[in-house]
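Examination of the molecular architecture
One letter stands for each residue in the lines below.
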Amino acid sequence: MSFTSSPKMGQGTKLLIEMGPLVCFFIANWKAGIYWGTGIFMVATAIALTASWILTRKIAMVPLVSAIFVALFGALTLWLHDDLFIKVKVTLINALFGAVLLGGVAMGRSYIKLIMGEAVKLADHAWRTLSLRWGLFFFAMAVLNEIVWRNFSTDQWVNFKVFGLLPLTLIFAIANAPFMSKHMIEEEKA
């Protein structure tokens with residue numbers, strides 16, 4: 001997920017680039033199964049990353065890391081014909097983001113500030129709190145993904161990935177908005 005918008009990219013285009021691969025994955029899985037869904041997800045992710053580069057001349061770290069995970073675990077899924085890899089990708093990427101954020105806090109760094117700092121100015125203690133919240137959230141999503149893929153069918157897991165993880169993430173982001181607003185630092189006027 002990217003938190004900043006580019007002046008070269010409208011919100012509709014940004015949304016299409018960020019959500020397009022997931023929608024393609026869902027539709028392809030629904031029509032042709034998990035392996036077609038995985039392959040189309042890989043292609044759509046590559047197209048989205050390329051489009052982002054063409055429009056902004058930069059690639060944000062979170063979409064890049066996500067694309068690498070999609071390529072690696074998608075390739076393993078297709079090569080070994082085992083959907084375990086695409087399911088575990090969600091767990092591992094959420095655990096990685098959680099570990100990076102909480103590890104940064106432990107080392108006195110706020111990596112979430114690197115991602116959101118261009119768009120939002122917060123006091124250092126607020127960045128620390130936000131990093132803790134998001135780090136714990138990502139670990140919770142990793143655990144939740146493990147529970148779902150181990151206890152439900154592949155189609156149910158795909159529905160959870162599209163209609164569960166995404167809404168939970170949006171709700172969590174919205175729930176943090178009042179905290180961010182409260183701790184926002186006003187730009188100094190020259």
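With that settled, the discussion passes to the overall build of the protein. Check the secondary structure of the protein and you find 7 helices and 0 strands. The order of helices and strands in the protein, counted from the N terminus, is α-α-α-α-α-α-α. Since a compact globule built from 190 residues should have a radius of gyration of about 16 Å, the 17 Å found for the protein is in line with a globular shape. Structurally, the protein occupies a C-alpha span of about 55 × 35 × 25 Å along its principal axes.

Further remarks concern the packing of helix H1 (residues 11-32) against helix H7 (residues 154-182). Two elements in contact, H1 and H7, have axes whose closest approach is 10 Å; the angle formed by their N-to-C orientations is 155°. One way to sum up the angle between H1 and H7 is to call them roughly antiparallel. Of the two elements, H1 crosses H7, and the hand of that crossing is left-handed. Taking contact as the criterion, the partners of Met-19, Leu-22, Phe-25, Phe-26 and Asn-29 in H1 are, on H7, Asp-155, Trp-157, Val-158, Asn-159, Lys-161, Val-162, Phe-163 and Leu-166.

Okay, unusual backbone geometry next. Its identity is not glycine, yet Arg-57 carries a phi of approximately 60°, on the positive side. With phi around 50°, His-81 is a residue other than glycine that occupies positive phi space. Here His-81 shows up in the loop between helix H3 (61-80) and helix H4 (84-106).

If you check H1, its first and last C-alpha atoms are 31 Å apart, about what 22 residues at 1.5 Å a residue would give, namely 32 Å. The sharpest bend along H1 reaches about 45° and sits at Met-19, with the proline Pro-21 one to four residues further on. The set of residues buried in H1 consists of Lys-14, Ile-17, Met-19, Gly-20, Pro-21, Leu-22, Phe-25, Ala-28 and Asn-29. Tucked into the core, H1 has its buried residues touching helix H2 (34-56) and H7. Gly-33 occupies a position one or two residues after H1 and carries a positive phi of about 105°.

How each quantity is defined
- Residues numbered from 1 in each chain as written.
- Predicted model: local features only at pLDDT ≥ 70, side-chain atom pairs only at ≥ 80, totals over all residues.
- Heavy atoms only, no water.
- Helix = DSSP H or I, 4+ residues; strand = E, 2+ residues; numbered from the N terminus.
- Rg over C-alpha atoms; globule rule 2.2 N^0.38 Å.
- Axes fitted to C-alpha atoms, helices over the stretch in contact; angles between N-to-C directions.
- Parallel < 35°, antiparallel > 145°, perpendicular 65-115°, else oblique.
- Left-handed = near helix turned anticlockwise from the far one by under 90°.
- Contact = heavy atoms within 4.5 Å.
- Expected span 1.5 Å × (residues − 1).
- Bend = angle between axes of the 7 residues up to and from the residue.
- Buried < 20%, exposed > 50% of the residue type's maximum accessible area, 1.4 Å probe, protein only.

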